[in-house]
Amino acid sequence: MSQPGIPVSGGAPASLQAQNGAASASGSLYTNGPVQNTLMSSQVSVSQGYNSQLPGSYPYLIPAKTLNPVSGESNYGGSQTVSPLSNYQGPGQTLYRPPVASNPVTASLHSGPVPRMPLPTSQNAAATPVPSGSFLPGASVQPSSNWQYNYPSTGSQTNHCPRASSQSTISGTTNLTGHQYVSSGDPSLQNSFIKSGITPNTNNGPMVVHNSYDEIEGGGFSATPQPTNQNPTMNRSVGYSYPSLPPGYQNTAPPSTAGMPPSSLNYPSGPQGFNQTPLGANHLTTSMSGLSLHPEGLRVTNLLQERNMLPSTPLQPPVPNLHEDIQKLNCNPELFRCTLTSIPQTQALLNKAKLPLGLLLHPFKDLVQLPVVTSSTIVRCRSCRTYINPFVSFLDQRRWKCNLCYRVNDVPEEFMYNPLTRVYGEPHRRPEVQNATIEFMAPSEYMLRPPQPPVYLFVFDVSHNAVETGYLNTVCQSLLDNLDLLPGNTRTKIGFITFDSTIHFYSLQEGLSQPQMLIVSDIEDVFIPMPENLLVNLNESKELVQDLLKTLPQMFTKTLETQSALGPALQAAFKLMSPTGGRMSVFQTQLPTLGVGALRPREEPNQRSSAKEIHLTPSTDFYKKLALDCSGQQVAVDLFLLSGQYSDLASLGCISRYSAGSVYYYPSYHHQQNPVQVQKLQKELQRYLTRKIGFEAVMRIRCTKGLSIHTFHGNFFVRSTDLLSLPNVNPDAGYAVQMSVEESLTDTQLVSFQSALLYTSSKGERRIRVHTLCLPVVSTLNEVFLGADVQAISGLLANMAVDRSVSASLSDARDALVNAVIDSLSAYRSSVLSNQQPGLMVPFSLRLFPLFVLALLKQKSFQTGTNTRLDERIFAMCQVKNQPLVYLMLTTHPSLYRVDNLSDEGALNINDRTIPQPPILQLSVEKLSRDGAFLMDAGSVLMLWVGKNCGQNFLSRVLGVQNYALIPQNMTDLPELDTPESARIIAFISWLREQRPFFPILYVIRDESPMKANFLQNMVEDRTESALSYYEFLLHIQQQVNK
Ligand SMILES: [Zn+2]
């Protein structure tokens, strides 16, 4: 089928002079012409002879093997006809499915010894909170352009137990990071699970089969009221106090001998005095005079007078207004952030603030130091299953009170001994109570089945289009280079499927002299030939795997097959992986055209700049349904889309979104014409193949009674009401949730949030990573505003806006973003400010809110008026949903630095390296000058724009060229020259790259480069043909606020 070529975007010459509101009189020379929307401009056109060519035969490099029909029989329980396909005269084999009973393959696949994973409790679309209608239950009822922050709760987090109130918190400061210990414990003392209707499991056998993850991770709050509350009417201002408090113990450093305690160690005789310091009202700062609030935080700013509020150093998250003893135990904001670091005590107060309440998580981030606890006793609240954490309170040595549901729990005997200090009677100094981020080695109760081996299946598009791009070379070479670095162990399994109009399997059975190709041409009812030899042990079959990777790129070079049976290939891959789960990596280069999941082009290029009638929703539910099947079998699908033409990512992306996979997109990938994309793919594959991976994962987020989580953002499937199913979890994925205040928190000073991620490591260990965040509760609107985290708010709004774009429309989402600013600043003006000054008055915490929202409006996800390809827009939306906050913010509002005059003044010194720290500049062409060079850090991309009159010094001593015209067109590396200027900029760029786990490509941009448009497009403070300048936007906001 023929697809019209997509014309090169943005061809018109630059014409619009960049203006910046009132400041435009400066008459910048730089133009901001029709903006190109592709990062890699679509100069590459891949000609394809669709429709005009006859199918040909593949030049096989793999010798023929006769498929043993017996093995077919044994696997399918029926007669299996195996006959070579005449079309394919090479050694490959084509297998025809025999006309047997409807679905023998499925049956046989699940009949093995491995217990089948439970299916999701709900698999229909309505059970999934994304994409549509999740935060706007009645889209047609609500005014379309406002957020409704107080959505009804799903009820999942509702707590039914009686309320106790005041919490005290331990204040020990022992730093135990990086320590691992084993404590010998009596299994009989393990905290057994009590969940209504479930028999507590005390079986310590090798495997305990539960019905669902919900049971092993633990559900929400028990429906049974707990009678154990001690002080149900406790006044909030009263903390617990303890009789025997030796002074000043809590800052004692831990013994440096952090070894494993011998089990025969003699405990000190008798319990010791209990040492927890009480935290009363005097330990909590309850007002603006808080310890952690810098006086500047109290400033009120008139943005119309002071609009350049961007700090010259990276914006730091606000520090919660907590006593330092609590705050120093708190979770790192890189892992866990809340939009409001001061939680409003009622929903009414939250409604008044008109700010969204939610969490942004990066739960599996690579950590340098992570305390890992190996203990047979994982102490959790018997009522709500919260893991013990630094913010619980100890009533005495033997009892601790849950900070989420307030139940009083017993301290298990084993927990009484602190293996670090080797002291008995110090449960509050255990690492579990000293670290807000901790990982547990999970005992067998946390397993539904024995941990599965790491399984990696690669699915390659080998159609004519795919071969034209030359991507197979890069991917196969990357795999060869990183084969030994794939996370795993001796059990690691690997397999390969290729497809065009048929599906090709590769037998890699140990002992074969060469890989054996098997072709299945029946794409209507896909079956798997000899399943036992297609996913093989990597160690045992490594040579065959290497053989295959070396030959694959050449095998299809002469193919004329243009069709793509992606859907059937995915079905085959799913069947192959079903017994174990694992990671499926799919490489696709065009719109699927054959079999289930075939798609039709539906992008209208002349509609690209419109906010209306664009296809953001999937055109078929095939990919979502298959993703849910995958999720149920612990398979995650990562999609690599390498296509210069419309490929309907809105539909294809569902396969990754609901299976907890990732989407990668390389528009206009071509191995010769687009070398920068090749480099990008190489770098990203290297990270992808070698990064940490967790299998068979689930994540649950709990919060203090009274708060309620109602909407989740990210790539996953919501298995039960609040349990996220993550067949794979990777360290580069971010998540967000929205919350509401369901019950008044007036009796509470502190609330906590805890995420627990249960996963199987690539080494086959079951682990639980727990993060706990503690925040103060406040009663006034001003305090709510003072604690606002503008980056987290912007990030959450971006997630909500993606949903709104899909469920309503893009223009609707844009209006809602703008209204979020207007509503909150109006609330601030009318309810907090006493005297109504003219201007646009904002609290210091929100001084960048209008700027970040304007940047979102100009982000590829939400921009209008520019020629944005649909797939690129969808990809940007996928990124919003799946990126950790820090990268989302860099993508939305990049950091701009002048780099032609770097100096060592204020430089960092790290390991004998001097790293210059140039100030961050506003994103406006006003800040550029033609005699300079400017580096823009947009997260996954670095752009170095070199002005036409840039000094000779920079050209020769940094770029290594004699004049401007000699700067190479596709320069992506700076030469390492023996000059201080070169050393400084290289140190700076390396340092930026070290801040993130992936490798951003550097583009060196000359004034006449096509990439210049991308650079200028990020100048979000400037006006474009279709979007306001920052100053104009502020005026608009002011008019609306002061209405
Ligand atoms: Zn609890």
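Residues numbered from 1 in each chain as written. Predicted model: local features only at pLDDT ≥ 70, side-chain atom pairs only at ≥ 80, totals over all residues. Heavy atoms only, no water.

Novice: Give me the sheet that holds strand S8 (residues 393–396): which residues, what numbers.
Specialist: Taking strand neighbours across the sheet as the criterion, the three strands line up as S8-S9-S10 in an open arrangement whose pairing is antiparallel. In this open sheet, the two edge strands, each paired with only one partner strand, are S8 and strand S10 (408–410). For this sheet, the mean inter-axis angle between neighbouring strands, taken without regard to orientation, is 35 degrees. In the sheet, strand S9 (residues 399–401) pairs with S10 via three bridges, with the strands oriented antiparallel. By the bridge assignment for S10, lysine 401 is matched with valine 408. (Pairing = 2+ DSSP bridges. Helix = DSSP H or I, 4+ residues; strand = E, 2+ residues; numbered from the N terminus. Axes fitted to C-alpha atoms, helices over the stretch in contact; angles between N-to-C directions.)

Novice: Before we move on, could you go through the sheet that holds strand S6 (residues 358–361) and cite the residues and values that matter?
Specialist: Across the sheet, which stays open at both edges, the four strands sit in the order S4-S6-S26-S23 with antiparallel pairing between neighbours. If you trace the sheet from one side to the other, it starts and ends with strand S4 (336–338) and strand S23 (707–713), each paired once. Direction aside, neighbouring strands of the sheet carry axes that sit 25 degrees apart on average. Alignment of S4 against S6, held across three bridges, turns out to be antiparallel. Within S6, the position partnered with phenylalanine 336 by the bridge is leucine 361. Against the sheet, helix H15 (residues 790–807) engages S4, S6, S23 and strand S26 (735–741), with an angle of about 100 degrees to S26. (Contact = heavy atoms within 4.5 Å.)

Novice: Talk me through helix H17 (residues 849–857); I want residue IDs and the actual numbers.
Specialist: For H17, the tally of buried residues reaches nine of nine residues, placing the bulk of the element in the interior. Where H17 is concerned, the buried positions are Phe849, Pro850, Leu851, Phe852, Val853, Leu854, Ala855, Leu856 and Leu857. (Buried < 20%, exposed > 50% of the residue type's maximum accessible area, 1.4 Å probe, protein only.)

Novice: For the packing of aromatic side chains, give the residues involved together with the corresponding values.
Specialist: As enumerated under the stated definition, the model contains 24 aromatic pairs in all. With a centroid separation of 5.8 Å and 25 degrees between ring planes, the pair formed by tyrosine 387 and phenylalanine 440 is classed as stacked. With a gap of 53 residues between them, tyrosine 387 in the loop between strand S7 (372–375) and S8 and phenylalanine 440 in strand S13 (residues 437–441) connect regions that are remote in the sequence. In this structure, tyrosine 387 and phenylalanine 440 share a single accessibility class: buried. Through a chain of ring-to-ring contacts, three or more aromatic side chains come together here, namely Phe458, Phe460, Tyr471, Phe496, Phe587, Phe640, Tyr664 and Tyr688. The ring of phenylalanine 999 carries lysine 683 above its face, with NZ or CZ at 4.2 Å from the centroid. A cation sits over an aromatic face here: arginine 847 above phenylalanine 844, 3.8 Å from the ring centre. (Phe/Tyr/Trp six-rings, centres within 6.5 Å; stacked < 30°, edge-to-face > 60°. Lys NZ or Arg CZ within 6 Å of the ring centre and 35° of its normal.)

Novice: Mind laying out the pattern of salt bridges, listing which residues take part and the relevant values?
Specialist: Going through the model one piece at a time under the given rule, you end up with 34 salt bridges. The residue aspartate 931 makes a salt bridge to arginine 898 at a minimum N-O spacing of 3.5 Å. On the criterion of sequence distance, the pair formed by aspartate 931 in the loop between strand S33 (920–921) and strand S34 (933–937) and arginine 898 in strand S30 (residues 895–898) is long-range, its members being 33 residues apart. Assessed through its relative accessible area of 43%, aspartate 931 is described here as partly exposed. Across the salt bridge formed by aspartate 1007 and lysine 1012, the nearest N and O atoms sit 3.4 Å from each other. By relative accessible area, aspartate 1007 is classed as buried at 11%. If you follow the salt bridges from partner to partner, you end up with Asp366, Arg687, Arg691 and Asp732 in one network. (Salt bridge = Lys/Arg side-chain N within 4 Å of Asp/Glu carboxyl O.)

Novice: Quick one: what's the story with the UniProt feature "domain: Zinc finger Sec23/Sec24-type" (unreviewed entry) in the protein, residue by residue and with numbers?
Specialist: With numbering matched to this structure, UniProt assigns "domain: Zinc finger Sec23/Sec24-type" (unreviewed entry) to residues 378–414. With 0% helix and 27% strand, residues 378–414 has its two end C-alpha atoms placed 10 Å apart. (UniProt positions renumbered as here; feature names shortened; annotations may be inferred.)

Novice: Now, about the coordination of the zinc ion: what can you tell me, with residues and values included?
Specialist: Coordination of the zinc ion by the protein comes from Cys381 (SG), Cys384 (SG), Cys402 (SG) and Cys405 (SG), over a distance range of 2.3 Å. Coordination at the zinc ion comes from four donor atoms whose angles at the metal span 99 to 115 degrees, giving a geometry best classed as tetrahedral. Sequence positions of the residues that donate to the zinc ion give the spacing C-x2-C-x17-C-x2-C. Here cysteine 402 lies in the loop between S9 and S10 and cysteine 384 lies in the loop between S7 and S8, a separation of 18 residues in the sequence. The residues cysteine 384 and cysteine 402 share a single accessibility class, namely buried. (Donors = N, O, S within 2.8 Å, 3.2 Å for Na, K, Ca; no water. Tetrahedral: all angles 85-135°; square planar, octahedral: opposite > 155°, others 65-115°.)

Novice: Tell me about the nonpolar core, and please be specific about residues and values.
Specialist: Across soluble globular proteins, you tend to see nonpolar side chains buried next to one another. Judged by nonpolar contacts, the single largest core of 205 residues is most densely connected at Phe753, Leu944, Leu959 and Phe1015. In terms of domain composition, this core takes at least three residues from each of domain 2 (455–603 + 615–692) and domain 3 (895–1019). Leave out the neighbours within four places in its chain, and leucine 959 touches Leu944, Val946, Phe954, Ile967, Met971, Leu974, Pro975 and Leu977. (Core = buried A, V, L, I, M, F, W, Y, C linked by side-chain atoms within 4.5 Å. Domains from an automatic or database assignment.)

Novice: Account for the confidence of the model for the protein, with residues named and values stated.
Specialist: When the pLDDT values of the protein are averaged, the result is 77; 71% of them are 70 or greater. Every residue in residues 97–144 is under pLDDT 50, and counting partners more than four places away or in other chains gives 97 contacts. Contacts of residues 150–211 to residues separated by more than four positions or lying in other chains number 204 contacts, the stretch itself having pLDDT below 50. (pLDDT = per-residue confidence, 0-100.)

Novice: So, the state of the cysteines: which residues are in play, and what are the values?
Specialist: Using the criterion set out here, one finds zero disulfides in the structure. Free of any disulfide, cysteine 654 has its nearest cysteine sulfur in cysteine 878, 8.7 Å distant. (Disulfide = S-S within 2.5 Å.)

Novice: Can you explain the pairing of S26? Please cite residues and give values.
Specialist: The element S26 is largely enclosed, with a buried count of seven among its seven residues. Across the two faces of S26 the burial is the same, with Tyr735, Val737, Met739 and Val741 and Ala736, Gln738 and Ser740 all buried. Note that S23 and S26 share six bridges and pair antiparallel. Across the sheet, phenylalanine 712 pairs through a bridge with valine 737, a residue of S26.

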